[in-house]
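# Inside the fold
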Amino acid sequence: MTLKVIKPGLLTTVQDLGRSGYQQYGVSAGGAMDTFALRAANLLVANEPDAAALEMTLQGPVLELEKDAWIAVCGADMGAKVNEENLPLWRPVFVKAGTRLSFGAARLGCRAYLAVSGGFKVPEVLGGRGTYLRAQFGGFAGRPLMEGDRLETGDSILAPVKMDRDRPYDACRWYVSPHIFPAYGTDPIVRVVKGPEYEWFRPDSREMLLKERYRIRPESDRMGYRLDGPALECDTDAVMLSEAVTAGTIQVPPDGKPVVLMADRQTTGGYARIATVIQVDLPVLAQLKPGDSLEFQLVSREEAERLYIAYEAEMSGLKLGILTKWREMNDAG
Amino acid sequence: MQYVMYPLGERAVTVRWSAEMNREANQRALALLKHLENEPFTGYVEAVPAYTSLTVYYDPILVYRKTKQSPYTAVCQWLKSRIEALPTVSVPPSRKVEIPVCYDPEFAPDLSFVAAHNGLTEEEVIELHTAPTYHVTMIGFVPGFPYLEGMDERISTPRKHTPRSAVAPGSVGIGGKQTGVYPLEIPGGWQIIGRTPLKLFDPHATPPTFLRAGDQVIFRRIEKMEYDEICKEQKGSPK
């Protein structure tokens with residue numbers, strides 16, 4: 001099956017759940033910014049959760065399917081349409097060959113994910129299929145999609161739907177329930193744990209990080225979110241040696257403006273790390289656009305671990321629930 | 001050698017042997033990395049060595065399933081017993097690598113600042129930068145970026161207050177007491193004093209980086225003409 005790019009959108013890239021094992025060479029983990037939405041989209045079309053899907057940013061693409069396919073769109077609401085009809089999100093949708101999928105501007109959230117049953121077939125580079133924009137490798141030719149690109153997809157294990165009507169698509173009635181979504185929102189509270197240099201900061205700076213609102217600056221990208229808000233100051237002359245940083249690390253350069261490291265982050269850094277966004281809240285952050293604001297809330301490491309374990313249990317439940325639904329549909333013929 | 005452990009988020013723990021530059025601490029980090037790669041614990045994902053530390057990434061779910069306790073606590077215990085059982089660090093034989101660098105003004109926007117900051121002439125900065133044999137303590141920050149130990153403190157210069165949004169690939173910089181080379185076009189806060197025509201990163205090579213932790217490196221000053229020639233050769237050479 002082939003998917004043809006009619007219009008590429010602002011920044012549409014192939015992403016998966018990222019690379020591991022190469023950070024010691026400076027290769028960032030990468031992968032989807034909102035891993036919840038990517039995993040949900042893949043699970044909905046019976047893919048492995050880490051299959052390659054499309055990540056669309058702020059302004060979505062226009063695409064054409066050259067064969068019938070099961071697809072799912074999760075994450076930001078970009079007013080997706082199949083031909084002229086609205087495409088429902090967070091559920092499996094069977095789309096007929098020759099139909100046009102068009103995405104508009106993100107109305108809610110920042111990034112939407114399109115998974116196709118069978119996954120997108122792009123070569124694996126350094127253990128991943130995601131596009132690593134800075135280093136220009138992975139994904140589709142190491143770059144964002146462009147007009148005229150054609151993406152191959154793998155074989156689907158799902159049975160096609162017999163559609164006799166003129167409708168361009170058929171959507172399942174079941175969907176991912178919003179009650180298991182991360183706490184998406186435009187002014188969210190994002191939880192953090194203390195970073196390794198938390199104690200280096202002046203007490204009033206630590207307090208400000210947790211009391212004041214921070215705004216996402218326009219130069220934020222897949223590498224990191226630069227924040228506007230009260231400047232944070234260190235209370236020490238200690239000099240930091242570069243050391244590992246991770247997804248959610250909040251580092252503070254000498255100008256005092258915090259930067260939250262995201263999917264395409266560097267592997268190590270030399271700026272003081274005041275805090276780390278907890279893993280389960282990273283999807284919330286990934287859906288914020290430049291101009292949106294957020295507040296940070298401190299939780300203990302033990303709490304962050306409990307939340308992570310509970311979240312992964314819900315993801316396992318989601319996978320099981322979706323499999324059950326597909327089995328019921330198969331049995332019903 | 002004493003060490004401390006602390007969490008980096010809820011999926012990684014850092015083991016640090018020294019808060020200051022220390023060759024033995026670096027070797028201990030590399031030795032633990034090698035050990036973990038040979039004998040990973042349940043849930044081990046990967047590890048990232050730095051100057052004096054090793055950050056170990058793990059899958060909290062796999063650790064939790066095995067231990068039914070805080071994954072961080074469990075991994076710390078495992079690491080502690082591994083570290084204590086590790087034999088004395090042996091120094092692996094290191095490769096000697098030469099990196100040609102052109103220090104011409106067009107490639108060195110911060111050379112004058114580094115000179116002025118340290119009360120030196122630009123020539124003196126270049127001489128001090130090309131004199132030592134450097135030791136690659138880690139590859140990090142971005143693909144193939146070498147962190148080099150051994151820079152003359154007379155050319156130490158703080159990082160820029162606001163990082164540049166794009167630094168050209170091959171740029172050679174100084175950040176505090178450290179020097180290094182940018183393999184890709186990326187944002188960066190180091191003071192840029194020259195540029196190498198060499199490619200330090202190739203995703204299709206094994207390993208993907210030109211330099212490796214443990215290497216010894218010399219910077220050789222080249223003129224623009226040689227810079228251009230090496231660029232041409234690299235373009236013509238088969239991948």
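Quick summary incoming for the structure in this document. (Residues numbered from 1 in each chain as written. Chains lettered and ligands numbered in written order. Predicted model: local features only at pLDDT ≥ 70, side-chain atom pairs only at ≥ 80, totals over all residues. Heavy atoms only, no water.)

## Remarks on the overall build of chain A
Each helix and strand counted, chain A has four helices and 21 strands in total. For chain A, the C-alpha radius of gyration of 20 Å lies close to 20 Å, the compact-globule estimate for 333 residues. Across its three principal axes, chain A shows a C-alpha extent of roughly 70 × 35 × 35 Å. When the 333 residues of chain A are sorted by exposure, 58% land in the buried category. Intrachain contacts of chain A at a sequence separation of at least 6 include 78% that bridge at least 24 residues. Counting only carbon and sulfur atoms, one obtains 49% of the accessible surface of chain A, whose full area is about 13200 Å². (Helix = DSSP H or I, 4+ residues; strand = E, 2+ residues; numbered from the N terminus. Rg over C-alpha atoms; globule rule 2.2 N^0.38 Å. Buried < 20%, exposed > 50% of the residue type's maximum accessible area, 1.4 Å probe, protein only. Contact = heavy atoms within 4.5 Å. Areas by Shrake-Rupley, 256 points an atom, 1.4 Å probe, with all protein chains shown as cover.)

## Focus on the pattern of salt bridges
One pass over the structure, following the stated rule, counts 36 salt bridges over all chains. The salt bridge partner of Glu55(A) is Arg222(A), with a shortest N-O separation of 2.9 Å. Taken together, the residues Glu55(A) in strand β3 (residues 53–57) and Arg222(A) in the loop between β14 (213–216) and β15 (224–228) connect sequence positions 167 residues apart. Each member of the pair, Glu55(A) together with Arg222(A), is buried. A salt bridge links Lys224(B) to Asp228(B), with the shortest nitrogen-to-oxygen separation between them at 3.5 Å. With a gap of four residues between them, Lys224(B) and Asp228(B) both fall in helix α6 (residues 224–236), about one helical turn apart. (Salt bridge = Lys/Arg side-chain N within 4 Å of Asp/Glu carboxyl O.)

## Looking at unusual backbone geometry
Most peptide bonds are trans, and most residues other than glycine sit at a negative phi. All names here are of chain B. Of the consecutive residues Thr 206 and Pro 207, the connecting peptide bond is found in the cis state with omega at -10°. Assignment of secondary structure puts Pro 207 in the loop between β12 (191–195) and β13 (216–222). If you check the backbone angles, Lys 68 has positive phi at about 55° while not being a glycine. By secondary structure assignment, the location of Lys 68 is in the loop between α2 (60–67) and α3 (71–85).

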